[in-house]
Amino acid sequence: PGVVLASRASAASLPEGTAVLVDAPETVAELAGLSGDAVAVEGLLPEHPAYVIFTSGSTGRPKGVVVSHAGVVNRLVWMQERFGLGGDDRVLLKTPFGFDVSVWELFWPLLWGAGLVVARPGGHRDPGYLASLIVRERVSTVHFVPSMLEVFLAEPAAAECVGLRRVVCSGEALGVAAQERFFEVFEGVGLHNLYGPTEASVDVTAWECGPGGAVGGVPIGGPVANTRVYVLDGSLRPVPVGVAGELYLAGVQVARGYVGRAGLTSERFVACPFELGVRMYRTGDRVRWNADGQLEYLGRADEQVKIRGFRIEPGEVQSVLAEHPQVAQAAVVAREESPGDMRLVGYVVPVEDAPQLTEEIGKFLTERLPEYMVPSAFVVLGELPVTVNGKLDRRALPAPDYAALAGSGRGPANAREEIVCAAFADVLGLAQVGVDDDFFRLGGNSLLAIKMVDALRRRGVEMSVGAFFRTPTPAGLAASQAEFAAAPANLIPADATEIVPEMLPLVDLTAEEVERIVAAVEGGAANVADVYPLAPLQEGMLFHHLLADGGDDAYVTPTVLRFDSRERLEAFTAALQRVVDRHDILRTGLVWEGLREPVQVVRRRAELPVQEVTLAPDSSDPVAELLAVAGLSVDLVHAPLARLHMAQEPGTGRWLALLRLHHVIEDHTALELLLAEVESVLAGREQELPEPLPFRDFVARARAEAELGDSERYFAELLADVTEPTAPYGLVDVRGDGMDAAEAQLAFSPELTRRVREVSSRLGTSPATLLHLAWSRVLAAVSGRDDVVFGTVLFGRMNAGTDAHRVLGPFINTLPLRVRTDELGVLEAVSALRGQLAALISHERTPLSTAQQVSGVPGPTPLFTSILNYRPNSGLNRENTAVLDGAELLYFRERTNYPLSVVVDDDGETLGLAVDAVAQVDSHAVATLLCTTTDRLTAALVSALDSGADIPLNTIDVLGVDERLRVLVEWNDTAVEVASATLPELFAAQVG
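Residues numbered from 1 in each chain as written. Predicted model: local features only at pLDDT ≥ 70, side-chain atom pairs only at ≥ 80, totals over all residues. Heavy atoms only, no water.

Notes on the nonpolar core
Put simply, the rule is: By convention a nonpolar core is built from buried Ala, Val, Leu, Ile, Met, Phe, Trp, Tyr and Cys residues, the set being connected through side-chain atoms within 4.5 Å. Classification of residues uses two cut-offs on accessible area relative to the type maximum, computed with a 1.4 Å probe and protein chains only: under 20% is buried, over 50% is exposed, and between them is partly exposed. Going along the chain from the N terminus, every DSSP run of H or I of four or more residues is numbered as a helix, and every run of E of two or more is numbered as a strand. Contact definition: two residues touch when any of their heavy atoms are within 4.5 Å.
Judged by nonpolar contacts, the single largest core of 126 residues is most densely connected at Trp104, Tyr729 and Trp775. With 11 residues, the top contributor of residues to this core is helix H22 (residues 767–783). Other than its neighbours up to four places away in sequence, Trp775 contacts Phe790, Ser866, Leu868, Leu900, Val902, Val926 and Leu930. If you look at the next biggest cluster of nonpolar residues, it comprises 75 residues, including Val507, Leu561, Trp592 and Val664.

Let's talk about the packing of helix H2 (residues 69–83) against helix H27 (residues 983–991)
Formally: Only C-alpha atoms enter the line fits that serve as axes; for helices the fit covers just the stretch in contact. Angles between N-to-C directions range over 0 to 180 degrees. Relative orientations are named as follows: roughly parallel for angles under 35 degrees, roughly antiparallel for angles over 145 degrees, roughly perpendicular for angles from 65 to 115 degrees, and oblique for any other angle. Any residue outside Ala, Val, Leu, Ile, Met, Phe, Trp, Tyr, Cys, Pro, Asp, Glu, Lys and Arg is labelled polar, Gly included; the first ten of those are nonpolar and the last four are charged.
At a closest axis distance of 9 Å, the pairing of H2 and H27 adopts a crossing angle of 45 degrees. Of the possible angle classes, the one that applies to H2 and H27 is oblique. Contacts between H2 and H27 pair His69, Val72, Val73 and Leu76 from the former with Leu983, Pro984 and Leu986 from the latter. Of the residues assigned to the contact of H2 with H27, the class counts are six nonpolar, one polar and no charged.

Details of the pairing of strand S3 (residues 49–55)
Inclusion rule: Two strands pair under a simple rule: DSSP has to find at least two bridges between them.
Buried residues dominate S3, accounting for seven of its seven residues. Taken together, the six bridges between S3 and strand S4 (residues 63–68) define a ladder with antiparallel strand orientation. Bridge pairing in S4 places Thr55 opposite Lys63.

Regarding the sheet that holds strand S23 (residues 528–533)
In a beta sheet, neighbouring strands pair by backbone hydrogen bonds and run either parallel or antiparallel. Taken together, three strands build an open sheet; the order of strands is S23-S26-S25 and the sheet is antiparallel. Both edges of this open sheet fall to S23 and strand S25 (588–591), since each of them pairs with a single strand only. Averaged over neighbouring strand pairs, the angle between their axes works out to 25 degrees when direction is ignored. Looking at chain direction, S23 and strand S26 (residues 599–603) are connected through five bridges and run antiparallel. Pairing of Val531 across the sheet is with Val601, part of S26.

Structural notes on the sheet that holds strand S29 (residues 655–662)
Strand order in this open sheet of five strands is S27-S28-S29-S24-S34, and the pairing throughout is mixed. Unpaired on one side and paired on the other, strand S27 (610–612) and strand S34 (887–892) mark the two borders of the sheet. If you compare each strand with its neighbour and ignore which way they point, the axes differ by 20 degrees on average. In this structure, strand S28 (residues 642–648) lies alongside S29, joined through seven bridges in antiparallel fashion.

Some thoughts on unusual backbone geometry
For the bond from Ala639 to Pro640, the omega torsion is -5 degrees, close enough to zero to count as cis. Among the structural elements, Pro640 can be located in the loop between helix H17 (622–630) and S28. Not every positive phi belongs to a glycine, and Leu236 is a case in point at roughly 60 degrees. Within the fold, Leu236 resides in the loop between strand S12 (227–232) and strand S13 (245–251). Although it is not a glycine, Tyr729 adopts a positive phi angle of roughly 55 degrees. Among the secondary structure elements, Tyr729 is positioned in the loop between helix H20 (710–719) and strand S30 (742–747). With relative accessibility at 11%, the residue Tyr729 sits in the buried group.

Re the environment of Arg256
For clarity, the cut-off: Each polar contact in these results corresponds to two N or O atoms within 3.5 Å; when the atoms are within protein, one needs to be able to donate a hydrogen and the other to accept it, and residues that are neighboring in sequence are counted only if both atoms are side-chain atoms.
Residue position: Arg256 is located in the loop between S13 and strand S14 (257–258). It is 6.9 Å that separates the C-alpha atoms of Arg256 and Ser68, two residues lying 188 residues apart in sequence. At a separation of 2.4 Å, a polar atom in the side chain of Arg256 contacts the main-chain carbonyl oxygen of Glu47.

Structural notes on the side chain of Gln329
Examined against the element boundaries, Gln329 turns out to sit in strand S20 (residues 327–338). Assessed through its relative accessible area of 8%, Gln329 is described here as buried. Engagement of the side chain of Gln329 in a polar contact is seen with the backbone oxygen of Ser147, the distance being 3.2 Å. With residues up to four places along the chain from it excluded, the contact list for Gln329 reads Ser147, Glu150, Val151, Tyr347, Val348, Val349 and Leu384.

Comments concerning helix H5 (residues 146–153)
Here H5 lies mainly inside the structure; seven of its eight residues are buried. Of the residues making up H5, those classed as buried are Pro146, Ser147, Met148, Leu149, Glu150, Phe152 and Leu153.

Structural notes on the confidence of the model for the protein chain
Definition in use: Each residue carries a pLDDT score, the predictor's own confidence in it, on a scale running from 0 to 100.
Model confidence for the protein chain is summarised by a mean pLDDT of 84, while 85% of its residues fall at 70 or above. Element-level mean pLDDT values for the protein chain span from 38 in strand S1 (residues 3–6) up to 98 in strand S11 (residues 222–223). With pLDDT under 50 throughout, residues 1–19 is counted as low confidence; its partners more than four residues away or in other chains account for 45 contacts. Counting interchain partners and residues more than four positions distant, the pLDDT-below-50 stretch residues 481–487 has 13 contacts.

Okay, here's the thing in structure tokens:
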């Protein structure tokens with residue numbers, strides 16, 4: 001059934017899913033639409049078609065794939081070499097002939113003398129029948145589509161299939177949960193994950209699974225014999241390791257083309273840019289190389305969906321959903337409930353009846369995925385619908401009932417919450433909404449969010465769109481407040497014993513709120529010197545501190561110094577206390593509990609906490625041990641937000657000091673100023689230090705400027721048409737704590753450093769501009785975008801008022817840069833980027849949230865997830881370790897919440913990189929990419945300057961010679977000798 005013997009048959013008349021066996025070479029020639037001279041009439045040759053199999057097309061018109069004998073023979077020979085099928089093996093043929101897995105199920109055992117067990121028609125969908133058949137017929141080898149494998153594993157009788165030796169999976173993405181369940185049921189049985197399109201002779205990559213052997217996803221492995229795999233960008237250039245690209249296939253298994261579809265054949269079978277005269281097949285699948293040279297499947301390029309500004313692979317969400325212990329099967333699809341309203345929906349088959357399962361899996365995904373990737377609804381099913389081939393039937397999945405999701409939580413507690421809940425229900429078309437219901441989880445989107453803000457305003461509740469995206473629940477919106485404006489100077493008398501709201505002109509507080517603040521201060525009201533709001537950057541750091549929930553904080557900056565004696569260390573400690581006494585920011589703590597807005601509170605006196613610890617006598621790494629003892633958590637309420645741990649270095653008379661400062665009170669410049677003042681105190685020059693200036697003036701200025709709106713207009717013009725985030729390596733979570741980030745350091749060669757400075761000089765710009773431009777090209781390559789946005793760290797003191805250069809505090813800010821790498825030549829790009837960097841100085845205190853809100857990227861989606869910090873550095877750096885007399889710098893580390901950050905240290909002579917990247921990204925590889933790109937960018941700029949002809953920025957290759965060789969050649973070293981033969985010849989050799 002499903003097989004026809006074609007004799008002068010018309011391919012167009014054959015139904016989808018029809019396998020075609022041919023009776024003569026001449027028939028093949030006519031069926032495949034090939035020229036007559038391509039077929040030798042006197043005999044069948046390996047390059048002749050072996051079969052034509054019809055697959056569904058995107059237009060609904062089936063397309064017939066012509067597979068050669070050479071291709072399928074190579075595939076079968078590889079399989080035999082890989083698995084070594086013997087005479088005592090028995091292979092189950094259960095796959096319908098319309099699915100090309102049936103080719104190896106049928107021919108493999110016949111060509112190598114193993115037993116062939118044929119399942120009854122439709123039996124592939126009955127797990128109980130399959131289990132009994134496998135046991136009765138002593139089947140050793142069987143294939144499953146992953147979704148059917150999960151059903152089979154749930155069958156109690158599956159455990160009785162003790163004769164199984166190997167199970168092969170292909171046809172869908174194999175999830176980690178299914179892999180782990182397999183090894184729980186079948187201990188010692190091999191599980192193999194294969195991948196391949198029909199257009200490449202069944203399978204082209206393979207991976208041997210193992211229990212606990214996959215993190216984040218089961219790879220599809222490396223190429224099979226005589227096959228090459230290329231992961232390419234839209235310009236057919238190889239992408240770096242870890243970066244998603246489209247998979248192209250080359251080698252003997254690539255099909256001849258489509259029956260009677262010359263146009264489609266030329267579109268999908270293209271010339272290979274790496275092998276002269278070779279074709280490659282464009283799969284339409286997105287994959288990436290991992291560091292071990294294995295491919296990871298990411299989904300179909302045409303199945304990507306855009307939801308709230310993010311491009312999402314539903315398969316990635318599905319793989320995480322399937323990891324829940326109560327989920328037996330899972331599927332995630334994108335549904336367009338109305339035009340432009342795309343939503344993710346999760347479908348699950350539970351292991352057992354669980355009434356609260358949808359709530360549990362929602363929480364489960366929230367803890368493991370960014371908020372935008374969590375489906376807006378979940379549907380529990382008895383089983384997932386499948387097609388005749390055993391694959392998921394997406395069209396048969398039912399629509400979710402969104403109305404049932406709303407109103408189950410707490411009801412409104414006051415009039416404001418009641419108004420907001422009513423507005424939610426009205427805009428979303430729901431009967432009721434609870435105060436903790438999330439607007440987007442109920443099916444809201446960006447357009448409805450704007451309607452929501454208008455609906456609230458009509459009800460007398462003023463709300464900004466930005467505030468709505470920050471807290472998209474009735475409870476959060478009801479409690480939100482407007483921005484505070486700048487106000488006059490400090491009104492707290494020096495001898496005050498009571499603090500009242502009128503003394504605090506920079507912040508609007510009630511008497512009860514003031515009491516809460518005073519209660520948090522050691523010494524009470526008499527020790528309160530000032531209270532004012534947070535600067536925008538401080539607000540972001542507090543947010544991430546609260547996310548850490550008492551754990552390690554990404555914004556704790558540890559610095560380890562080694563002193564030649566305890567006396568030196570004690571003198572340093574005393575001098576540090578003197579500097580704390582001088583500067584208000586060093587005597588500042590934060591208070592937020594019970595307040596409408598967090599504030600910072602300056603103490604009149606704050607003692608530096610000093611703790612002495614004892615290190616293990618045989619410690620191999622005393623610095624690491626000291627860091628571990630102290631940890632990276634700081635209490636932000638109690639000033640000073642600095643802590644000192646001291647310990648004697650084992651076996652020596654030297655002492656170690658770990659100074660931990662929270663970034664909320666300092667930046668790199670402030671840390672250098674602090675150490676410089678400590679040095680002055682130690683040298684007896686304290687009286688020469690200038691009068692300290694308060695940080696409050698900067699806060700007041702920054703908040704006043706935020707009211708003017710100039711920055712909103714600037715960033716709206718720059719970013720309004722940016723609708724998707726720039727996410728290198730697919731990294732989109734900016735709520736991490738940076739603790740798993742690995743740092744790699746790489747120095748530019750003297751030759752490259754010299755060339756960067758010379759080219760910058762010729763262009764009349766700074767090396768910083770060139771490095772920002774080089775990073776934009778790297779970012780384009782690792783994010784798969786030609787129009788990129790990334791953060792640049794600004795000094796923050798250029799327009800911060802008189803003598804801002806000597807005020808301690810966190811002045812730095814991160815703001816976006818945008819580079820269209822596909823539209824500009826290298827000379828144009830330098831000019832444009834130089835203009836942007838100059839313009840940012842005028843907006844250097846603008847909250848990043850302002851730029852985010854006026855961009856086209858809907859909140860809470862981040863605008864970008866990588867930053868570059870070009871840091872002119874003459875003080876505290878890794879090369880200049882002699883920071884104080886009798887003390888040297890041993891360790892210094894700054895982290896951020898960004899998953900990828902690049903620091904360029906420029907001390908006037910050398911250029912060095914420090915790349916921090918989360919665990920799944922090779923930080924050293926990123927640094928190498930930036931070095932390589934900078935080298936090629938400077939060469940392109942010299943060429944453009946000398947010739948007068950600009951060079952397109954997007955043509956600069958980011959891959960170094962070694963990396964290019966690795967992904968194109970070394971990982972494709974699959975050439976083996978396979979005898980030139982046809983299927984009938986192999987069969988004749990076996991039976992003869």
